[in-house]
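The chain contents come next:
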Amino acid sequence: MTDKTLLLSHDRGVLTITVNRPDALNALNREVLTELGILLEGPLPPNGSDIRGVILTGAGERAFVAGADIREMSVMTPDEGEAFGALGQRVTRLLEELPVPVIACVSGYALGGGCELAMAADFVYATGSAVFGQPEVSLGLIPGFGGCVRLHHRVGPGWAKELIYTGRRIDAVEARRIGLVNRVFDTREEMLDSAAATLAEIATRSPVAVALCKSAIGDSVGRTTADALAVEKAAFRKTFTTGDMREGTAAFLAKRPPSFPGR
Ligand code: HXC
């Protein structure tokens, strides 16, 4: 773990990860992606199991992340390019597979790999200054950190294709309208406070159940309905093996708030 290109802070069970390369609008180079990979492989600091949610953001108001680092990519060989794409895909997958909810908080540019990073979060909050887009085709590249896959799952193939083929940028309001963004805020502070409040609300629910919902939703992508329902069925069965389910149902019947053991 490092505090150089990633800033980490934690408060009441929420880990905030800030991509910190403001001079390059937080562009993702190999160093940032490698550090993110090491961090997300866990356990999350300070003590893995205490973390109940993650906020992912970029340093400063100008950018969440303005993409993968174009300077680095411009001189990569095909093998290096492939390895770089694989690294970005691994990082976004690790984020997606965290057993706790992740909220991307976007101010300013979330372009290319930045938009792809945000889409690996469970949901996206934005300020009015946010700008989203997949401009890769303007550079002779394609979205390679999962953008071709995740954008169409978020917004449907029509919008995904229009955004990816044109490389057009959209603002926060448009991004909310098409389902890329959940909520839009006036200020960064309001956005971060709201994300922390949402994560605190989720933290009052059964952590096991939330993690099972996250994996059932994530694992449904790309499956047939029958296969996805089988995954959900197995996850539902699993809840009957947990202390959380016994406590949640007992608390309801006893008309008291639950105190989930988290297992
Ligand atoms: C490297 C970047 C960068 C990037 C910005 N910078 N984006 N460096 N990679 N993606 C650097 C600039 O070179 C500049 O450095 C500094 O950040 C400030 O940027 P400016 O361009 O001067 O700022 P501004 O005029 O405000 O324009 C902001 C911007 C523009 C619209 C966001 O920077 C821009 O278009 N950036 C590229 C966006 C993009 O195409 N992203 C997708 C990349 S491809 P200096 O040293 O000059 O001050 C991608 C592929 C993912 O993400 C998949 C890979 C497998």
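Refer to the preceding data block for the structure.
Note that this is a predicted model, so its numbers are computed, not measured.

**Some words on the overall build of the protein**
The secondary structure content of the protein amounts to 11 helices and 10 strands. For 263 residues, the compact-globule estimate of 2.2 N^0.38 gives 18 Å, and the C-alpha radius of gyration of the protein, at 19 Å, lies within 12% of that figure. Counting only C-alpha atoms, the protein reaches 60 × 40 × 35 Å along its principal axes. The buried share of the protein, taken over its 263 residues, is 44%. Surface exposure of the protein reaches about 13500 Å², of which carbon and sulfur atoms provide 56%. Where the 28 positive side-chain charges of the protein centre and where its 31 negative ones centre are 7 Å apart.

**What about the site of the ligand?**
Of all residues adjacent to the ligand, which total 23 residues, the nearest are Arg 62, Ala 66, Ala 68, Ile 70 and Gly 113. Within the side chain of Arg 62, a nitrogen or oxygen atom sits 2.8 Å from an oxygen atom of the ligand. Ile 70 places a polar main-chain atom, nitrogen or oxygen, 2.9 Å from a nitrogen atom of the ligand. Starting from 1000 Å² of accessible surface for the ligand in isolation, the protein chains cover 67%.

**A look at the environment of Arg 176**
Mapped onto the elements of the fold, Arg 176 is located in helix H7 (residues 172-177). Using a relative accessible area of 39% as the deciding quantity, one classes Arg 176 as partly exposed. Remark: the alpha-carbon pair of Arg 176 and Leu 212, spanning 36 residues in sequence, is separated by 26 Å. Apart from residues lying up to four places away in sequence, Arg 176 is in contact with Val 181, Asn 182 and Val 184.

**Overview of unusual backbone geometry**
Here Gly 42 and Pro 43 are connected by a cis peptide whose omega angle stands at -5 degrees. Checked against the element boundaries, Pro 43 lands in the loop between helix H1 (30-40) and strand S3 (53-58). The omega torsion across Pro 45 and Pro 46 is 0 degrees, close enough to zero to call that bond cis. For Pro 46, the location among the structural elements is in the loop between H1 and S3. One non-glycine residue with positive phi stands out, namely Arg 12, at about 45 degrees. We classify Arg 12 as exposed; its relative accessible area is 77%.

**Topic: a negative patch on the surface**
Side chains of Asp 186, Glu 189, Glu 190 and Asp 193 sit close together on the surface and give a patch of like negative charge. By the element assignment, Asp 193 lies in helix H8 (residues 188-203).

What counts, and at which threshold
Residues numbered from 1 in each chain as written. Predicted model: local features only at pLDDT ≥ 70, side-chain atom pairs only at ≥ 80, totals over all residues. Heavy atoms only, no water. Helix = DSSP H or I, 4+ residues; strand = E, 2+ residues; numbered from the N terminus. Rg over C-alpha atoms; globule rule 2.2 N^0.38 Å. Buried < 20%, exposed > 50% of the residue type's maximum accessible area, 1.4 Å probe, protein only. Areas by Shrake-Rupley, 256 points an atom, 1.4 Å probe, with all protein chains shown as cover. Lys, Arg positive; Asp, Glu negative; His and termini not counted. Charge placed at Lys NZ, Arg CZ, Asp CG, Glu CD. Near = heavy atom within 4 Å. Polar contact = N/O pair within 3.5 Å; in protein donor to acceptor, adjacent residues only side chain to side chain. Contact = heavy atoms within 4.5 Å. Patch = residues over 30% accessible without salt bridge, like charges linked within 9 Å, V, L, I, M, F, W, Y side chains within 5 Å. Salt bridge = Lys/Arg side-chain N within 4 Å of Asp/Glu carboxyl O.

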